[in-house]
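Structural characterization, general
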Amino acid sequence: MKSEKRREERFVEPGKVNAKEICAISGILDDISQSGCKVHFSVPVTINMENDYVLSVLFSRRVPSFKMELLCHPQWYKVTDNITEIGFEILNSPTTPELNSYIQTLKAEASEELEVESLLKDQDVVFVK
């Protein structure tokens, strides 16, 4: 398995992405970090690699779910089996402080999950008769 080197940790965070300039059909957020995100669309799309795009992201795991407008610039895209994956760099946007706060929350949650897993893994199993 190939290890990816990134500036920041990416978090798998489900969400719906509306990008009217790219596609009339909503895309799906695959992962996100402070500096980038990966989105896929269930149809082939082409994008202008020179343009910046506004992505309206509705995070679905949060209750209540909330929406964030992110100004993004495409870094790469790939079309495979009629599915388009696009990697975006997140540019400085009015919602950058909210994004940074959200990423910090995801980091804290990931850290808590690792602590709980390490506690469970270190325990010996004892069967009660």
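Everything below is about the structure printed above this text.
In this text, all values refer to a predicted model and were calculated from it rather than measured experimentally.

**Notes on the pattern of salt bridges**
Between side chains of opposite charge, a pair can form when the charged atoms approach closely. Evaluation of the coordinates by the stated rule reveals 3 salt bridges. Between R10 and D31 there is a salt bridge, and its shortest N-O distance comes to 2.7 Å. In this pair, R10 sits in the segment before strand 1 (15-18) while D31 sits in strand 2 (residues 27-32), placing the two residues 21 residues apart along the sequence. Judged by its relative accessible area of 15%, D31 is buried.

**Notes on the sheet that holds strand 5 (residues 66-80)**
Read once around its circumference, the closed barrel built from 6 strands follows the order 1-2-3-6-5-4, with strand pairing classed as antiparallel. In this sheet, neighbouring strand axes are inclined to one another by 45 degrees on average, regardless of whether the strands run parallel or antiparallel. Where strand 3 (residues 36-41) and strand 6 (residues 83-90) come together, 6 bridges link them in antiparallel fashion. Looking at strand 6, one finds that V39 is bridged to I86.

**Quick look at the pairing of strand 4 (residues 53-59)**
Note on strand geometry: in a regular strand, side chains alternate between the two faces of the sheet. In terms of burial, strand 4 is a largely internal element, 5 of the 7 residues being buried. Bridge count between strand 1 and strand 4: 4 bridges; the pairing is antiparallel. Bridge pairing in strand 4 places V17 opposite V57. In the sheet, strand 4 pairs with strand 5 via 7 bridges, with the strands oriented antiparallel. Its bridge partner lying in strand 5, V54 is registered against L71.

About the criteria used
Residues numbered from 1 in each chain as written. Predicted model: local features only at pLDDT ≥ 70, side-chain atom pairs only at ≥ 80, totals over all residues. Heavy atoms only, no water. Salt bridge = Lys/Arg side-chain N within 4 Å of Asp/Glu carboxyl O. Helix = DSSP H or I, 4+ residues; strand = E, 2+ residues; numbered from the N terminus. Buried < 20%, exposed > 50% of the residue type's maximum accessible area, 1.4 Å probe, protein only. Pairing = 2+ DSSP bridges. Axes fitted to C-alpha atoms, helices over the stretch in contact; angles between N-to-C directions.

Fair warning: the whole summary comes from geometry, so function is off the table for now.
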